[in-house]
Amino acid sequence: MADRFFPNDMPDFVQETEITASDSTLHKLLSLPYPKAAERLLRAGLDLSETVVKETGIRYASHAKDPTLYTGALGTAFLLLKKYRVTNSRSDLDLCRDIVKACDSASRGSRHVTFICGRAGVCALGAVVAKQLGDRKLLDYYLRSFKEITLPIGVPNELLYGRAGYLWACSFLNKHIGVGTIPSTYTDSIVKEVIREGRKLSNKGSCPLMYEWHGKKYWGAAHGLAGIMHVLMDMELKPEEREYVKGTLLYMIKNRFPSGNYPSSENSETDRLVHWCHGAPGITLTLVKAAQVFGDERFFKAAVDAAEVVWNRGLLRRVGICHGISGNAYVFLSLYRLTGNAEYLYRAKAFACFLLDRAHQLVSTGQMHGGDNPLSLFEGQGGMAYLFLDMTSPTESRFPAYEL
Ligand SMILES: [Zn+2]
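As recorded by an unreviewed UniProt entry, the protein chain carries the name LanC-like protein GCL2 and is attributed to Dendrobium catenatum. According to the UniProt record, the Sequence similarities (unreviewed entry) comment for the protein chain is "Belongs to the LanC-like protein family."

Okay, here's the thing in structure tokens:
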């Protein structure tokens, strides 16, 4: 098990100080006052973003080879929008628009409908960029294109390829373009279907909602319960449906591993994965949201327990946000936003500084995996750049394409 992650030998908490007597660079970084650490992360984030744009070769492309947010060009566009929010530089926004356009050409007619892996992500991000540019015509184009998306028969319910991933895009538009941009007449029937399918598979008397993806009842954020519940909490639900969501999350808490981690699927007994996609990190983000939505202490307590697992076992041998250190850092940012507790901000800083100080060397010596798509947002350095930029404004930080 230990070979999946680096042992975390960083102190649980370090008081910030101007004077550092520590022997290692990482420990020096940990004791830096937050604004100074954030300044370094900002510089690294900007440099890394430039590298991602340059090396993906997308700048001059009119057609993206991979138009997804997960591994492809839309992830680079999403990073550029973040960069624009930090730099306020119009050229970042223009480039972002051009990349989305290349993704638009490549994804027309795609059967994938979600934000992270499909057409909804392209149209939704295109609309938000158009609004930021003040380009009304382009905004109308992307909103019209979004409304033309139809969910195929038999589409799954999970976040990466299913209904939840389409619904997340609707919430993203309603947040960034304006309430009612995608009215509930578009989403109501889809939500109803998600609940209906969840009830069908629920093992009556225990978990109120259950889903399958490729024959497995997943629990995690990417393909399972955590991701679907996360999205449902942003939808208009009937009181009974709210209780199903709440009951499902309480079922997960009741049946988690003794360590505080969560199985990747129903009845799995292997306490192994500590990823956003499978295991405690993605589930913590959902529990933080549940604590806000339901105001129930049990969700907060479980989120704190899961975050402890992430602190101890979350320094993964990968850099990205899906199953890497960058994604796991968002667990602490999320709890920091919820509680204002400086210890969580420190822990996010610790994970980010671990990457800043060591990722390059660990990847080049083969001790860390650079990702199957090493520049991408979800698996690679794109995600690391995104985290570094998010660290400059932690109260505004959001796990990309998951936290609204
Ligand atoms: Zn993953």
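K.L.:
How would you sum up the domain arrangement of the protein chain? Please name residues and give values.
P.N.:
Partitioning the protein chain into structural domains gives domain 1 (24-56 + 319-403) and domain 2 (178-314). Computed from C-alpha coordinates alone, the two centres of domain 1 and domain 2 are separated by 25 Å. At the interface, 15 residues of domain 1 touch 17 residues of domain 2. The element best represented in the side of domain 1 that touches domain 2 is helix α13 (residues 325-339), accounting for eight residues. Each residue belonging to the side of domain 1 that touches domain 2 can be placed in one class, and the counts come to nine nonpolar, four polar and two charged.

K.L.:
Tell me about unusual backbone geometry, and please be specific about residues and values.
P.N.:
Look at H214: it is not a glycine, yet its phi comes out positive at around 50°. Note that H214 resides in the loop between α8 (184-201) and α9 (225-232). A residue is classified by how many C-beta atoms lie within 10 Å of it, and H214, with 9 of them, is exposed. Its identity as a non-glycine residue notwithstanding, N267 has a phi of 70°, on the positive side. Inspection of the secondary structure puts N267 in the loop between α10 (239-254) and α11 (280-294).

K.L.:
Help me get a handle on the environment of H63, residues and values and all.
P.N.:
Here H63 is to be found in the loop between α2 (34-56) and α3 (73-87). C-beta crowding within 10 Å serves as the criterion here: with 12 such atoms nearby, H63 is assigned to the exposed category. Between the C-alpha atom of H63 and that of D98, which follows or precedes it by 35 residues, the distance is 10.0 Å. In contact with H63, other than residues within four places in its own chain, are A102, S105 and A106.

K.L.:
Help me get a handle on the packing of α13 against helix α15 (residues 381-390), residues and values and all.
P.N.:
Running from N to C, α13 and α15 point in directions that differ by 25°, and their axes come no closer than 9 Å. The pairing of α13 with α15 is recorded here as roughly parallel in orientation. Where α13 crosses over α15, the handedness of that crossing is left-handed. Residue-level contacts link S326, G327, A329 and L333 of α13 to G383, M384, L387 and D390 of α15. Its residues assigned to classes, the contact of α13 with α15 shows four nonpolar, three polar and one charged.

K.L.:
Break down α9 for me, with residues and values.
P.N.:
Every α-helical turn comprises 3.6 residues, leaving residues that sit three or four positions apart pointing alike. The element α9 is extensively covered by neighbouring structure, given that eight of its eight residues are classed as buried. Buried residues along α9 sit against α7 (163-176), α8, α10 and α11.

K.L.:
Run through the UniProt feature "binding site: Zn(2+)" (unreviewed entry) in the protein chain, naming residues and quoting values.
P.N.:
Taking the UniProt record as the reference, the feature "binding site: Zn(2+)" (unreviewed entry) is found at C277, C322 and H323. Annotated residues spanning 47 residues; largest pairwise C-alpha distance 6.4 Å, indicating a single compact cluster. Residue placement: C322 occurs in the loop between α12 (297-313) and α13. Those residues within four positions of C322 in sequence are excluded, and the remaining contacts are A222, H275, W276, C277, G327, F378 and E379. Apart from residues no more than four positions distant in its own chain, H323 is found in contact with H275, W276, C277, L316 and R318.

Cut-off values and rules
Residues numbered from 1 in each chain as written. Predicted model: local features only at pLDDT ≥ 70, side-chain atom pairs only at ≥ 80, totals over all residues. UniProt positions renumbered as here; feature names shortened; annotations may be inferred. Domains from an automatic or database assignment. Contact = placed C-beta atoms within 7 Å. Helix = DSSP H or I, 4+ residues; strand = E, 2+ residues; numbered from the N terminus. Nonpolar A, V, L, I, M, F, W, Y, C, P; charged D, E, K, R; others polar. Buried ≥ 20, exposed ≤ 12 C-beta atoms within 10 Å, placed from the backbone. Axes fitted to C-alpha atoms, helices over the stretch in contact; angles between N-to-C directions. Parallel < 35°, antiparallel > 145°, perpendicular 65-115°, else oblique. Left-handed = near helix turned anticlockwise from the far one by under 90°.

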